[in-house]
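Architecture at a glance
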Amino acid sequence: MDDVKTILRNYTRSKKAVRDIDTFGAAQNYAEKLGKILADAIGTEFEDVAEEDLALVLRSVLKRAYDDSAVAAASAQYRQNQKAKLGIGTLRAEFDPANADKVAEELAGKIAAPGLVENLIKQSTIGAVDETIRRNAEAREEMGLDVSIVRTYSDVGLRAGTKYSEDCEWCLERCGEWDNYKDAKDAGCFERHPGCLCMIDYHVGRTHSVSTGGSWVNI
Ligand SMILES: [Zn+2]
Ligand SMILES: [Zn+2]
């Protein structure tokens, strides 16, 4: 494992402009790419690394990638607001250090199995996009806007216990289209396992009345 400075330097060099991102699909692809860069920088050999040291490194580098991924998703949300002529704010997912600690617990003292580091880190960075979508969808529905959510199946890395030739039943059960936030959430649409690359997208209806602090307007 390289030191934190080297990892961050490699990571920063590979970053592109986050605020140009205008769709949730592009935000997810970006989060996936960041996850891969970070996984490559961190490596796979942790047999001489103490869990607390690894947690310290991951809290720093994973937070950065998580925040960048959340900004990418918030940027897509901002563009969607502009298109729909909605003058409402954009929410962003916030990093929880406990996520880094969980990854450290999984990896410390071991040589990681192929793909494991990448899948765990992507689960965090893509999770930042999911959580940003989830928060905004929830907030818009609470404002009285119609929200539609789609999860499209796309697993490349597979869930533990699933054979490569098989579809992932766990994800298939969580894929579909919903015309409101609550049903999507209850169906597990925003949940992922490491290696899941399903695409989550959502839209806000335009032809509905919205409460804007007391007065109703048509948008
Ligand atoms: Zn799956
Ligand atoms: Zn999936």
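Scroll up a little and you will see the structure.
Okay, so let's go over this structure. Just so you know, these numbers come straight off a predicted model, no measurement behind them. (Residues numbered from 1 in each chain as written. Chains lettered and ligands numbered in written order. Predicted model: local features only at pLDDT ≥ 70, side-chain atom pairs only at ≥ 80, totals over all residues.)

A few points about the pairing of strand 1 (residues 147–152)
Of the two faces of strand 1, the one lined by V147, I149 and R151 is fully buried and the one lined by S148, V150 and T152 carries no buried residue. With 6 bridges joining them, strand 1 and strand 3 (residues 199–204) adopt antiparallel strand pairing. Within the sheet, the bridge partner assigned to R151 lies in strand 3 and is I200. Pairing analysis gives 3 bridges linking strand 1 to strand 2 (residues 176–178), with the strands arranged antiparallel. Following the sheet pairing, I149 is matched in strand 2 by W178. (Buried ≥ 20, exposed ≤ 12 C-beta atoms within 10 Å, placed from the backbone. Helix = DSSP H or I, 4+ residues; strand = E, 2+ residues; numbered from the N terminus. Pairing = 2+ DSSP bridges.)

What about the nonpolar core?
In this structure, A27, A31, A72, A73 and V129 are the most contacted members of the largest nonpolar core, which totals 51 residues. Looking at this core, the elements with two or more residues in it are helix 2 (24–42), helix 3 (51–83), helix 4 (97–107), helix 5 (116–142), strand 1, helix 7 (181–186) and strand 3. It is helix 3 that contributes the most residues to this core, 11 residues altogether. Excluding residues within four positions of it along the chain, A27 makes contact with I21, A72, A73, A76 and V129. (Core = buried A, V, L, I, M, F, W, Y, C linked by C-beta atoms within 7 Å. Contact = placed C-beta atoms within 7 Å.)

A closer look at the sheet that holds strand 2
Strand order in the open sheet formed by 3 strands is 2-1-3, and the pairing between neighbours is antiparallel. What marks the edges here is a single partner per strand, and that holds for strand 2 and strand 3. The sheet shows a mean angle of 10 degrees between the axes of neighbouring strands, direction not considered. Sheet contacts for helix 5: strand 1 and strand 3; angle to strand 3, the most-contacted strand, approximately 25 degrees. (Axes fitted to C-alpha atoms, helices over the stretch in contact; angles between N-to-C directions.)

What to know about the packing of helix 3 against helix 5
At a minimum axis distance of 8 Å, the contact between helix 3 and helix 5 shows a crossing angle of 35 degrees. In this structure, the crossing between helix 3 and helix 5 has a hand that is right-handed. Touching L62, A65, Y66, S69, A70, A72, A73, A74 and Q77 of helix 3 are I121, S124, T125, A128, V129, T132, I133 and N136, all from helix 5. The residue inventory of the contact of helix 3 with helix 5, partitioned by class, reads 11 nonpolar, 6 polar and no charged. (Left-handed = near helix turned anticlockwise from the far one by under 90°. Nonpolar A, V, L, I, M, F, W, Y, C, P; charged D, E, K, R; others polar.)

A short note on the environment of S69
Following the sequence through the fold, S69 ends up in helix 3. What makes S69 buried here is the crowd of 33 C-beta atoms within 10 Å. Considering only alpha carbons, one finds S69 and V129, 60 residues apart in sequence, at a separation of 6.1 Å. Apart from the residues lying within four places of it in its own chain, the contact partners of S69 are Y30, A31, L34, T125, A128 and V129.

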